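If you want the building blocks of each chain, they are given just below.
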Amino acid sequence: VSILTALLAALAIEHQVIYGYGVVGAHVHGRLQTSARDALTAHDERRDRLVRQIQRRGGRPPVAASAYALSTPVDDGVTAARLGAQLEAAAAGALWDVIAASERQSEDRRLGASWLAESTRLLDQWRLVAGAQDLVALPGQPS
Amino acid sequence: MSDAVRPSRRVVLLGLLAVPLAACRGHHPGVRHRSAADPDAPALTAALAAERGLLADYDRARSARASAGGMPFDLFRATHAAHVQALESALNLPAASPSTGAPPTSTAPTSTAPSGPSLRGREADTGRSLTTWALGARQGKTAALLASIGAVHLAQSHLRFHRSGGPT
């Protein structure tokens, strides 16, 4: 996989994650709503950075769809947390590929590693809120 | 790389507009590192030593019933056991090290057992080291593995739990 292909895939995921966090944030309250809002801001910034990384390579960043169909119904805090976990798991998977496709000591790899750490923290948070009894040992790893 | 396309793991939401998603995988589960020729073997070996050290720390903390400081020792220990297995596999070492099994259940407390806060510090320190090794790895798959493990360490250094068991 070329780094451009991996970045394009990661951006496509980010568009979905950003849409999904709008749904998550609408169904959680208190500190979790704050967390969802902060995560949305972080993913907005990640999307913008991915666009620049793609454009630097002459790629054409995909634009977001106007809406996405959810993979799971969301009607309360638990199902919202479950969606949040799915979003971060998907982001982690895309970042694994960005890191694997990147050159050593490159900006792409540095960004990928930093974002993977951020997504892992959120992945654990949402999974535990949704009732998981364990932590993810290798976030992003292909199954 | 000629990787199989597996978009299903990535597509958490189905786009109403078609989103071309070239989610190619950079990983061949059947291919292992060969430590003798692998330029990343030193980093993998250092990562493995760090993981084994953390496992030992968690075992001592549990045995001594050290103050958890909100840390679920068993949950965190389980991730490190998985890391040891992944790194042993990457280094093509014999699997099933006894140290990665179930934690010891009943031993006498020791005065040198690490506390919850000190384990958090160890998680953060090793997380930063793993990220550094990931940045310098020559092989992409090694970089991704080390970055993923490092991400877990960094996340676990921040994770806080309520008494009820949920995260804060």
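Values in this document were obtained by computation on a predicted structure and should not be read as measured data.

Peer 1: Hey, could you go over the overall build of chain B for me, with residue numbers and the actual values?
Peer 2: Scanning chain B for helices and strands turns up 4 helices and 1 strand. Ordered by position in the sequence, the α and β elements of chain B form the string β-α-α-α-α. Within the span of chain B, comprising 168 residues, buried residues form 47% of the whole. Of all intrachain contacts in chain B linking residues separated by at least 6 positions in sequence, the fraction that spans at least 24 positions is 71%. Carbon together with sulfur atoms contributes 59% to the accessible area of chain B, which is approximately 7,800 Å² in total.

Peer 1: Tell me what's going on with the pattern of salt bridges, and back it up with residues and numbers.
Peer 2: All names here are of chain A. Under the criterion given, the structure shown has 14 salt bridges over all chains. Arginine 49 is the salt-bridge partner of glutamate 107, the closest N and O atoms lying 2.5 Å from each other. Of this pair, glutamate 107 sits in helix α4 (residues 107-129) while arginine 49 sits in helix α2 (residues 30-56), placing them 58 residues apart in sequence. A salt bridge links arginine 127 to aspartate 134; the nearest nitrogen and oxygen atoms lie 2.8 Å apart.

Peer 1: So what's going on with unusual backbone geometry? Which residues, and what values?
Peer 2: The phi angle of most residues is negative, glycine excepted, and most peptide bonds adopt the trans form. For Gln105(A), which is not glycine, the phi torsion reads 60 degrees and is therefore positive. Assignment of secondary structure puts Gln105(A) in the loop between α3 (77-101) and α4. Since its relative accessible area comes to 55%, Gln105(A) is described here as exposed. A positive phi is found at Asn92(B), a non-glycine position, where the angle reads about 60 degrees.

Peer 1: Provide a residue-level description of α2(A), including the pertinent values.
Peer 2: All names here are of chain A. Here α2 spans 40 Å end to end across 27 residues, near enough to the 39 Å set by a 1.5 Å rise per residue. Looking only at α2, the buried set comprises Leu32, Ser35, Ala36, Ala39, Ala42, His43, Arg46, Leu50, Gln53 and Ile54. If you follow the buried residues of α2, they end up packed against α1 (3-27), α3 and α4. Where α2 ends, the next residue or the one after it, glycine 58, has phi of about 80 degrees, a positive value.

The rules we used
- Residues numbered from 1 in each chain as written.
- Chains lettered and ligands numbered in written order.
- Predicted model: local features only at pLDDT ≥ 70, side-chain atom pairs only at ≥ 80, totals over all residues.
- Heavy atoms only, no water.
- Helix = DSSP H or I, 4+ residues; strand = E, 2+ residues; numbered from the N terminus.
- Buried < 20%, exposed > 50% of the residue type's maximum accessible area, 1.4 Å probe, protein only.
- Contact = heavy atoms within 4.5 Å.
- Areas by Shrake-Rupley, 256 points an atom, 1.4 Å probe, with all protein chains shown as cover.
- Salt bridge = Lys/Arg side-chain N within 4 Å of Asp/Glu carboxyl O.
- Expected span 1.5 Å × (residues − 1).

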